[in-house]
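# Chains, contacts and geometry: an overview
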Amino acid sequence: MTRTLPPGLTATAVVAASSANLGPGFDSMGLAVSLYDEIVVESTDSGLLVEVEGEGAGQVPLDASHLVVRAIERGLRETGVVAPGLIVRCRNDIPHSRGLGSSAAAVVGGLAVANGLAAQCGSTVMTSDQLVQVSSEFEGHPDNAAAAVLGGAVVSWTEADTGRPRYAAAPIRLHPDINVFVAVPQVRSSTAETRVLLPDQVSHTDARFNLSRAALLVVALTERPDLLMVATEDVLHQPQRAPAMPASAEYLAVLRRSGVPAVLSGAGPAVLALTTESELPASVLEHGGENGFAVARMSVGEGVRWSSGVAARP
């Protein structure tokens with residue numbers, strides 16, 4: 001049975017940024033980090049009003065094509081709800097087109113806030129597994145989406161199914177000694193533009209190399225952080241993307257030459273460092289500042305949270 005939302009209902013969702021791949025875990029591993037977007041939605045009699053503050057303000061569409069709006073509409077369909085009108089307010093801290101999962105956050109947040117609306121009219125809300133499934137369908141792979149839904153570090157995968165791929169993920173417990181640093185440049189990059197740089201086929205040698213490193217990465221992240229340097233080696237996507245983002249490739253090399261396990265964050269151009277040290281070397285910070293990178297220590301991000309009504313940000 002389809003339910004129609006009455007006017008005046010509000011719901012809120014808070015969703016974290018995420019870093020995908022983590023080096024060798026291409027399209028399968030992700031980590032939520034402590035940058036958050038907040039979405040506040042109110043049901044109305046008719047129409048659509050979209051407001052954006054912070055990242056993306058003045059740059060993203062303010063109509064039904066907005067990614068958050070599309071995700072809300074999909075979430076309402078999944079929960080059997082119709083909204084005659086909506087006011088959607090987005091308050092964004094996650095940088096756009098930097099490799100920190102802003103698109104996944106928009107989708108996951110939109111679906112989650114739809115849960116908050118649906119819960120108020122007696123509809124069954126989406127579970128975490130369903131949120132992973134539906135949000136992953138927007139991008140075709142679940143690494144960023146799963147990290148945004150579940151929080152922390154995740155391993156995700158795709159299963160072929162009749163007519164509809166099945167997306168799933170499992171959390172892994174990050175070792176408490178691991179510290180997370182994110183270096184965000186001013187320049188932007190598109191995942192679609194950098195993905196075309198990747199070859200359609202790879203050699204058995206390269207595949208074997210990355211399989212061993214991805215397996216080792218799970219061990220390093222959970223039990224043996226002393227193995228992070230070797231575990232974050234990759235030959236399948238980072239070298240191929242380097243020409244499109246030379247400053248990020250150089251900063252990645254500077255970090256690793258300084259003994260800091262580091263990777264491109266997703267498709268870049270942000271760079272992620274995972275280290276047991278509490279601070280990065282001064283020379284590394286200096287290089288970042290001189291080349292337009294804002295470097296910050298972050299905590300591990302929490303899973304998406306939604307509520308009926310307006311809630312405070314973390």
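Residues numbered from 1 in each chain as written. Predicted model: local features only at pLDDT ≥ 70, side-chain atom pairs only at ≥ 80, totals over all residues. Heavy atoms only, no water.

## Let's talk about the overall build of the protein chain
Filter applied, for reference: Here a helix means four or more residues in a row that DSSP labels H or I, a strand means two or more in a row labelled E, and each is numbered from the N terminus. C-alpha atoms define the radius of gyration in this analysis, and the globule rule sets the expected value at 2.2 Å times the number of residues to the power 0.38. The buried label goes to any residue with under 20% of its type's maximum accessible area, the exposed label to any with over 50%, and the partly exposed label to all in between, with areas taken from a 1.4 Å probe on protein chains only. Residue contacts are defined here by distance: any two heavy atoms, one from each residue, within 4.5 Å place the two residues in contact.
Helix and strand counts for the protein chain come out as 10 helices and 13 strands. Its C-alpha atoms give the protein chain a radius of gyration of 20 Å, near enough to 20 Å, the size a compact globule of 314 residues would have. With respect to the three principal axes, the spread of C-alpha positions in the protein chain is 60 × 45 × 35 Å. Counting the 314 residues in the protein chain, one finds 51% classified as buried. Within the protein chain, contacts between residues at least 6 apart in sequence are counted, and of these 76% link residues at least 24 apart.

## Some words on the nonpolar core
In plain terms, the rule: Put simply, buried Ala, Val, Leu, Ile, Met, Phe, Trp, Tyr and Cys residues joined by side-chain atoms within 4.5 Å make one nonpolar core.
Grouped together as the largest cluster of nonpolar side chains are 70 residues, with contacts concentrated most on Leu 31, Val 88 and Leu 221. The biggest single contributor to this core is helix 2 (residues 102–118), with 10 residues. Setting aside residues up to four positions removed in sequence, Leu 221 forms contacts with Leu 22, Met 29, Ile 172, Arg 173, Leu 174, His 175, Ile 178, Leu 228 and Leu 274.

## Focus: the pairing of strand 2 (residues 10–20)
Note the following rule: For two strands to be treated as a pair, DSSP must find no fewer than two bridges joining them.
Counting buried positions along strand 2 gives 10 out of 11 residues, so the element sits mostly inside the fold. Where strand 2 meets strand 3 (residues 29–44), 11 bridges bridge the pair, whose relative direction is antiparallel. Bridged to Thr 10 within strand 3 is Glu 42.

## Some words on the sheet that holds strand 10 (residues 262–264)
Operational definition: Each axis is a line fitted through C-alpha atoms, taken for helices only over the stretch in contact, and angles between the N-to-C directions span 0 to 180 degrees.
Read from one edge of the open sheet, four strands run 10-11-9-12, paired in antiparallel fashion. Lying at the two open borders of the sheet, with one neighbouring strand each, are strand 10 and strand 12 (293–298). Direction aside, neighbouring strands of the sheet carry axes that sit 20° apart on average. As judged from the three bridges shared by strand 10 and strand 11 (residues 271–275), these two strands associate in the antiparallel manner. Bridging from a neighbouring strand, Ala 262 pairs with Ala 273 of strand 11.

## A closer look at the packing of aromatic side chains
Under the convention used in this document: Pairing of aromatic rings covers Phe, Tyr and Trp, the last through its six-membered ring, and needs centres within 6.5 Å; plane angles under 30 degrees mean stacked, over 60 mean edge-to-face, and all others mean tilted. Criterion for a charge above a ring: Arg CZ or Lys NZ at most 6 Å from the ring centre, at most 35 degrees from the ring normal.
Applying the stated criterion to the full structure yields one aromatic pair. Taken together, a centroid distance of 4.8 Å and an interplanar angle of 35° make the contact between Tyr 251 and Phe 293 tilted. Highlighted residues: Tyr 251 in helix 9 (residues 246–257) and Phe 293 in strand 12, separated in sequence by 42 residues. Under the relative-accessibility criterion, Phe 293 is labelled buried at 6%. Just above the ring of Phe 209 sits the side chain of Arg 213; from NZ or CZ to the centre is 4.0 Å.

## Digging into unusual backbone geometry
In the segment running from Gly 268 into Pro 269, the intervening peptide bond is cis, with an omega of 5°. Within the fold, Pro 269 resides in the loop between strand 10 and strand 11. Even without being glycine, Leu 22 reaches a positive phi, approximately 55°. In this structure, Leu 22 sits in the loop between strand 2 and strand 3. Since its relative accessible area comes to 1%, Leu 22 is described here as buried.

## Observations regarding the packing of helix 1 (residues 67–78) against helix 3 (residues 128–139)
Stated precisely, the cut-off is as follows: Throughout this description, any angle smaller than 35 degrees is read as roughly parallel, any larger than 145 degrees as roughly antiparallel, any in the 65 to 115 degree range as roughly perpendicular, and the remainder as oblique. By convention the crossing between two helices is left-handed if the near helix lies anticlockwise of the far one by an angle smaller than a right angle, and right-handed if it lies clockwise.
The N-to-C vectors of helix 1 and helix 3 enclose an angle of 140°; their axes lie 11 Å apart at closest approach. In terms of their interaxial angle, helix 1 and helix 3 are classed as oblique. The element helix 1 and its partner helix 3 pack so that their crossing is right-handed. In this structure, helix 1 contributes Leu 67, Arg 70, Ala 71, Arg 74 and Glu 78 to the contact, and helix 3 contributes Val 134, Glu 137 and Phe 138.

## Concerning the environment of Ile 87
With respect to the secondary-structure elements, Ile 87 resides in strand 6 (residues 85–92). Of the residues examined, Ile 87 reaches a relative accessible area of 15% and is grouped as buried. Residues Ile 87 and Gly 75, spaced 12 residues apart in sequence, show a C-alpha to C-alpha distance of 16 Å. For Ile 87, the residues in contact, after removing those within four places along its chain, are Val 40, Val 41, Glu 42, Thr 44 and Leu 49.

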